[in-house]
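# Inside the fold
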Amino acid sequence: MAGRAQIPTCNSALIAMIADEDTVTGFLMAGVGNVDLRRKTNYLIVDSKTTVKAVEDAFKEFTTKDDVAIILISQYVANMIRFLVDSYNKPVPAILEIPSKDHPYDPSHDSVLSRVKYLFSAESVASGRR
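What comes next concerns the included structure.

Scoring rules and cut-offs
- Residues numbered from 1 in each chain as written.
- Predicted model: local features only at pLDDT ≥ 70, side-chain atom pairs only at ≥ 80, totals over all residues.
- Heavy atoms only, no water.
- Helix = DSSP H or I, 4+ residues; strand = E, 2+ residues; numbered from the N terminus.
- Buried < 20%, exposed > 50% of the residue type's maximum accessible area, 1.4 Å probe, protein only.
- Contact = heavy atoms within 4.5 Å.
- Salt bridge = Lys/Arg side-chain N within 4 Å of Asp/Glu carboxyl O.
- Pairing = 2+ DSSP bridges.
- Right-handed = clockwise from strand over helix to strand, strands pointing away.
- Polar contact = N/O pair within 3.5 Å; in protein donor to acceptor, adjacent residues only side chain to side chain.
- Core = buried A, V, L, I, M, F, W, Y, C linked by side-chain atoms within 4.5 Å.
- Patch = residues over 30% accessible without salt bridge, like charges linked within 9 Å, V, L, I, M, F, W, Y side chains within 5 Å.
- Areas by Shrake-Rupley, 256 points an atom, 1.4 Å probe, with all protein chains shown as cover.

Looking only at helices and strands, the chain has 5 helices and 4 strands in total. Along the chain, from the amino end to the carboxyl end, the secondary structure elements read β-α-β-α-β-α-α-β-α. The buried share of the chain, reckoned over its 130 residues, is 31%. Within the chain, contacts between residues separated by at least 24 positions form 65% of all contacts whose residues are at least 6 apart in sequence.

Moving on, we get to the pattern of salt bridges. Here the structure, examined in full by the defined rule, presents 6 salt bridges. A salt bridge links Arg 82 to Glu 97, with the nearest nitrogen and oxygen atoms 2.8 Å apart. Here Arg 82 is found in helix H4 (residues 82-87), whereas its partner Glu 97 is found in strand S4 (residues 94-98), with 15 residues between them in sequence. Classification of Arg 82 by relative accessible area gives buried; the value is 15%. For Glu 97, a relative accessible area of 8% puts it in the buried group.

Right, let's get into the pairing of strand S3 (residues 68-74). With 5 of 7 residues buried, S3 is to be regarded as a mostly interior element. Strand direction decides the pairing type here: strand S1 (residues 14-19) and S3, joined by 5 bridges, are parallel. By the bridge assignment for S3, Ile 15 is matched with Ile 70. Alignment of S3 against S4, held across 5 bridges, turns out to be parallel. Bridge pairing links Ile 71 to Ile 95 in S4.

This part takes up the pairing of S1. With 5 of 6 residues buried, S1 lies mostly within the body of the structure. Between the parallel pair S1 and strand S2 (residues 43-45), the chain is carried across by helix H1 (residues 21-29), and the sense of this crossover is right-handed.

One turn of an α-helix holds 3.6 residues; hence residues three or four places apart share an orientation. Of the residues that open H1, the one with a side-chain oxygen 3.3 Å from the backbone nitrogen of Asp 22 is Asp 20. Just beyond H1, the residue with positive phi is Gly 31, at close to 100°.

Before going further, it helps to examine the nonpolar core. If you look at the biggest cluster of nonpolar residues, it comprises 19 residues, and the most contacted ones within it are Ile 18, Val 55, Phe 59, Ile 73, Ile 81 and Ile 95. Sorting the residues of this core by element identifies S1, helix H2 (52-64), S3, helix H3 (75-80) and H4 as the ones contributing at least two each. With 4 residues, H2 is the single largest residue contributor to this core. Residues in contact with Ile 18, not counting those within four places in the same chain, are Leu 44, Val 46, Val 55, Ala 58, Phe 59, Phe 62, Leu 72, Ile 73, Ser 74 and Val 77.

Let us now look at the environment of Ser 114. Residue position: Ser 114 is located in helix H5 (residues 111-127). Residue classification places Ser 114 among the partly exposed positions, given a relative accessible area of 39%.

Before going further, it helps to examine a nonpolar patch on the surface. On the surface, Leu 96, Val 112, Val 116 and Phe 120 cluster together to form a nonpolar patch covering roughly 320 Å² of accessible area. Take Leu 96: it is sitting in strand S4. Accessibility expressed as a relative area gives 38% for Leu 96, which makes it partly exposed.

Below you can see the structure in the form of structure tokens.
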């Protein structure tokens, strides 16, 4: 498998979150939270005062950290930085768009789902099935 990207392995990895306060609080209560030695957290709480720049910076930070394996981002927040989410193409950390209490999930905006649909349609065409 010469053309495939190597996925790094480590003993432990984090889940990062970019979402509204209720969603982040629920995951923190489940044990997802982390604060490193520099007092940096693995989450960003997005509210009406949070700027798009702050969301972009958090997304870029979480996608470049070696200890983050999954980034959970509320879909309405992902829509704020859709150009970054859609252009991200690395396998780790995986980006998963989740619904929030106030914003229902819309599958037409989910970049992961659209990639999966594209792959399956390309496989169908390549194998002669449709």
